[in-house]
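Here's the letter readout for the chains.
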Amino acid sequence: MKIKLRDEEREFESGVTTLDIAKSISEGLARVAVCGKINGEELIDLNLPITEDCSLEIITNKSPEYAEVLRHSTAHVLAQAVKTIFPTAKLWVGPATKDGFYYDIDFKTPISNDDLPVIEDEMNKIIKANFDIVRKEVTKADAIKIMKENNEPYKVELIEGFDDHEMITTYTQGDYIEVCRGPHIKSTGMIKAFKLTKISGAYLKGDSKNKMLTRIYGVVFDKKSEMDEYFKNLEEAMKRDHRKLGKDLGIFMFDELIGRGLPVWLPKGFLLRRTLTDYIMNKELALGYKHVMTPSLGNINLYKTSGHWAHYQSSMFPAMEVEDEGYVLRPMNCPHHMVIFKAFQHSYRDLPLRIAEIANDFRYEASGTLVGLERVRAFSQNDCHIFCTPEQIKSEVEGVIKLILDVYKDFGFKNYKFRLSLRDVNNKDKYFGNDELWEKSEKALREILNANKVNYYEAVGEAAFYGPKIDVQVVSALGHDITLSTIQLDYQLPEKFELEYVDENNNKCRPVVIHRAVFGSLDRSIAFILEETKGNLPTWIAPVQVKVISVSEKSASYAEGVAKQLEIKGIRIELDNSDERIGYKIRSAQLEKVPYMFILGENEANSNKVSIRKRSGEEINNISLEEAYKMIKEDIDEKRISN
RNA sequence: GCUGAUGUGGCUUAGCCGGUAAAGCACCACCUUGGUAAGGUGGAGACCACGGGUUCGAGUCCCGUCAUCAGCUCCA
């Protein structure tokens, strides 16, 4: 008898059970079949003998989808435990997530973190009881009846939304029944390593107008060792959190007297910023960008013209009234740049015109969303608006993609993803412009990405209100998905500002605008750089590149001389001539994560040499200052990432 | 903004059941001039986020405000 498995077809004796097959393909491990499909139909009983040729998709603990099934099933156990301890609690939904699961529950009286161990104990009892998880198909009417009997109004509401003729599945474990699409593990005893991690609020159905439920988060793993690994990684991520590194390295600070979400850049942080802005502006200049400087404030009519006031007001600081005029802090720079374009006559020969700026922007972000430099209320963008003809869109967008990739290469960024951000057609009033234009723009960006063989994914509902975007997404140490760079195609603002250029036939034409930012937020980019490098900033951007350390007072003046010479050559140095011991000074420099230390004692002074200790611990002793400088200069010029 | 938690010298933290604050690092002084991750001694520094309340008495209990943290909604 032939049975077709996922990747192979195998011969089995008639009467073999699914469970036997599962055991054979999961290499004899004790915990095997979870669930599966036979000829595309959901399996009800894994112990049923199979007597005919068939195709079988079994999920075992070797299958890629096992982790998700396990997470989802653990969420059910969580729900069962909660209902046992708090019978009045009402359940909403409990899906698996990227690395765990959660369950949204409406508690009669709010629970606290102290309740988590109690719930965990109850879950352990359920796991120990090893209830079979039994699947059953019921009609919609029956499902509603069951959930009404169980006093689960949210579940009833959920089922009412389903198709009338749809068969609904229930899963039962012990005295607990839940309506669920599945699949699930075979029995509760298969859960070996789990932990409830945190508790938070979450809006019902993800809508901030709705009631807030209590969300309990947890993680579950196939093995205890995997869970230990997970928590170890979390700890590591905390260490490279830019908020910690920024404080330890003296990069930036916040102060409540200055205001929340308003970063203060300290001397070392400012040096870092300046290095980045010099770098990107030089690159842009070489590509024909024209830098401008415009005020951080604008008349409210500017934003009424652009449409930002209508669409973006809730994220803007409220207007200030001065002599019957309203002014706002700008949340973005597009309108200012539109006005610059409009102020002059343009020939098609001038296009593309790339107006760029390192600009300060202010956004009134909800207080609960502020996160270090990741999400702030005052930030700087390395912004540019490219005014071009429709024919130039392709080459201009390609140019920006190339620039982004170039910059990422220089910084050694590897873990990023391109995202094509599209509008949500079910929510059209969020966007300006007609369907035709949107479809055209989205298609154009997609084609450019495809033509340039860029790996990307599409995301509906992530577009700007004036057009689709190509975003570059990264994941922060905290696990947040954040945008680093963006390219946006815009037909709307040129229309709003009535921008024009004259083409070769002397016709007035409307340009297209490409908004782009490589460092969509300089602040956020620095946060990401800190986290990616764990604070070990590559020499070319390190605020202090060389720490010159004298061994004792006897070599202090020699150290000062060396420091001076390096400084003259443009190396960012700091001199440590304090009367601490050498070990102490090295430790301090090491904690500051300075790439190079020059250790200068009497030996070096007498032979006119320098001894170097790198951040990695590597020592290079007794070389000439020229050699040392050459080595560091090469490091800087090549923008080496490794330390 | 919402839900929950937290808030002690510059930093990291201790402070049991309410009896007017403890340590390490950092800082200052003195001693030490020492070769690759912390030399020694001494000193200064906190009305315990802020404002109310309960109490004979509050860092500790209660309420409010502000800020921070986690998540939700939102987002560069």
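Keep in mind the model is a prediction, meaning the values are calculated, not measured.

Points about the protein's contact with RNA strand B
Stage number 1. In the vicinity of RNA strand B lie 53 residues, with Y203, S367, T483, Y584 and R587 positioned nearest.
Stage number 2. Counting only the atoms of RNA strand B within 4 Å of the protein, the fraction contributed by sugar and phosphate is 52%.
Stage number 3. One nitrogen or oxygen atom from the side chain of S200 is found 2.7 Å from a sugar or linking oxygen belonging to RNA strand B.
Stage number 4. At 3.4 Å from a sugar or linking oxygen of RNA strand B is found a side-chain nitrogen or oxygen belonging to S208.
Stage number 5. When residues of the surface near RNA strand B are traced back to their parent elements, those giving at least two are strand 13 (193-203), strand 14 (212-221), helix 7 (242-248), helix 17 (582-591), helix 18 (602-607), strand 33 (610-614) and strand 34 (619-623).
Stage number 6. When residues of the surface near RNA strand B are assigned to their parent elements, the largest contribution, 6 residues, is made by helix 17.
Stage number 7. The residue inventory of the surface near RNA strand B, partitioned by class, reads 14 nonpolar, 18 polar and 21 charged.

Focus on unusual backbone geometry
Stage number 1. Following L351, the chain continues into P352 via a peptide bond in cis, with omega recorded as -5°.
Stage number 2. Take P352: it is sitting in the loop between helix 11 (334-342) and strand 21 (353-362).
Stage number 3. Of note in this structure, E498 is not a glycine but carries a positive phi near 50°.
Stage number 4. Note that E498 resides in the loop between helix 14 (492-496) and strand 27 (501-502).

A look at the domain arrangement of chain A
Stage number 1. Parsing chain A into structural domains produces domain 1 (2-60), domain 2 (66-233), domain 3 (253-533) and domain 4 (546-637).
Stage number 2. Using C-alpha coordinates to define each centre, domain 1 is positioned 68 Å away from domain 4.

A look at the state of the cysteines
Stage number 1. Inspection of the entire model under this criterion finds 0 disulfides.
Stage number 2. Of the cysteine sulfurs around C384, a residue in no disulfide, the closest is that of C388, at 10 Å.
Stage number 3. By relative accessible area, which is 0% here, C384 ends up buried.

Brief notes about the nonpolar core
Nonpolar side chains in soluble globular proteins tend to end up buried together.
Stage number 1. Among the nonpolar cores identified, the biggest contains 76 residues, and F411, L566, F598 and V610 are the most heavily contacted of them.
Stage number 2. Setting aside residues no more than four positions away along its own chain, L566 makes contact with V546, V548, I571, I573, F598, L625 and Y629.
Stage number 3. With 34 residues, the next largest nonpolar core counts C35, A79, I127 and M190 among its residues.

Rules behind the numbers
- Residues numbered from 1 in each chain as written.
- Chains lettered and ligands numbered in written order.
- Predicted model: local features only at pLDDT ≥ 70, side-chain atom pairs only at ≥ 80, totals over all residues.
- Heavy atoms only, no water.
- Near = heavy atom within 4 Å.
- Polar contact = N/O pair within 3.5 Å; in protein donor to acceptor, adjacent residues only side chain to side chain.
- Helix = DSSP H or I, 4+ residues; strand = E, 2+ residues; numbered from the N terminus.
- Nonpolar A, V, L, I, M, F, W, Y, C, P; charged D, E, K, R; others polar.
- Domains from an automatic or database assignment.
- Disulfide = S-S within 2.5 Å.
- Buried < 20%, exposed > 50% of the residue type's maximum accessible area, 1.4 Å probe, protein only.
- Core = buried A, V, L, I, M, F, W, Y, C linked by side-chain atoms within 4.5 Å.
- Contact = heavy atoms within 4.5 Å.

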